[in-house]
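Spelled out, the chains give:
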Amino acid sequence: QVRVAESGGGLVQAGGSLRLSCTISGITFSWNDIGWYRQAPGKQRELVAAITAGRITKYIDSVKGRFTISRDNAKNTVFLQMNSLKPEDTAIYYCNAGCYGCSADFFTSWGQGTQVTVSS
């Protein structure tokens, strides 16, 4: 059974930083591509960043230069370092495994997510 646990969210002022963590069990973590997604109130869930098993990364334009995705295969964990946060980054952040850069519609199961709130 695949289990996903996101953590690290919180309330931060604009310009601040947060580091999100996502631990995934029940899969061969090191073989899997991983993505971070987010869903803001009233909006569809969207891909934010993704990393392949070979550590190739991609980002949506709005977070390029501010967010960094990384992974620690020994800990079955993927991270999202978020710097220079903006109010528009406010959302629930989720991660998922198994498809590089896929839209959120690809997945049928999600973890509980972690709330990120950026105040202006």
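Computed from a prediction, not measured in an experiment: that's the story for all the values here. (Residues numbered from 1 in each chain as written. Predicted model: local features only at pLDDT ≥ 70, side-chain atom pairs only at ≥ 80, totals over all residues. Heavy atoms only, no water.)

Enquirer: Which parts of the structure should I look at to understand the overall build of the protein?
Expert: For the protein, the count of helices and strands is 0 helices and 10 strands. Its helices and strands in sequence order give the protein the pattern β-β-β-β-β-β-β-β-β-β, from N to C terminus. For the protein, whose C-alpha radius of gyration is 13 Å, the value lies close to the compact-globule estimate of 14 Å for 120 residues. Referenced to the eigenvectors of the C-alpha coordinate spread, the extents of the protein come out at roughly 40 × 25 × 25 Å. Counting all 120 residues of the protein, 43% fall into the buried class. At a minimum sequence separation of 6, the contacts of the protein that also span at least 24 residues come to 57%. As displayed, the protein offers around 6,200 Å² of accessible surface, 48% of which is attributable to carbon and sulfur atoms. For the protein, the distance from the average site of its 12 positive side-chain charges to the average site of its 8 negative ones is 4 Å. (Helix = DSSP H or I, 4+ residues; strand = E, 2+ residues; numbered from the N terminus. Rg over C-alpha atoms; globule rule 2.2 N^0.38 Å. Buried < 20%, exposed > 50% of the residue type's maximum accessible area, 1.4 Å probe, protein only. Contact = heavy atoms within 4.5 Å. Areas by Shrake-Rupley, 256 points an atom, 1.4 Å probe, with all protein chains shown as cover. Lys, Arg positive; Asp, Glu negative; His and termini not counted. Charge placed at Lys NZ, Arg CZ, Asp CG, Glu CD.)

Enquirer: What's the story with the environment of Leu-47 in this structure? I'm lost.
Expert: Mapped onto the fold, Leu-47 is located in strand β5 (residues 46-51). With relative accessibility at 15%, the residue Leu-47 sits in the buried group. Distance in space between the C-alpha atoms of Leu-47 and Lys-58 is 9.8 Å, their sequence separation being 11 residues. Once residues within four sequence positions are removed from consideration, Leu-47 is found in contact with Gly-35, Trp-36, Tyr-37, Ile-60, Gly-101 and Cys-102.

Enquirer: I would appreciate a short explanation of the side chain of Glu-6 in the present structure.
Expert: Tracing the sequence through the fold places Glu-6 in strand β1 (residues 3-7). One buried charged side chain, Glu-6, makes no salt bridge at all; its nearest oppositely charged neighbour is Arg-45, positioned 7.3 Å away. Within the structure, the side chain of Glu-6 is placed 2.9 Å from the backbone nitrogen of Gly-113, a separation counted as a polar contact. (Salt bridge = Lys/Arg side-chain N within 4 Å of Asp/Glu carboxyl O. Polar contact = N/O pair within 3.5 Å; in protein donor to acceptor, adjacent residues only side chain to side chain.)

This is a description of form; function is not addressed.
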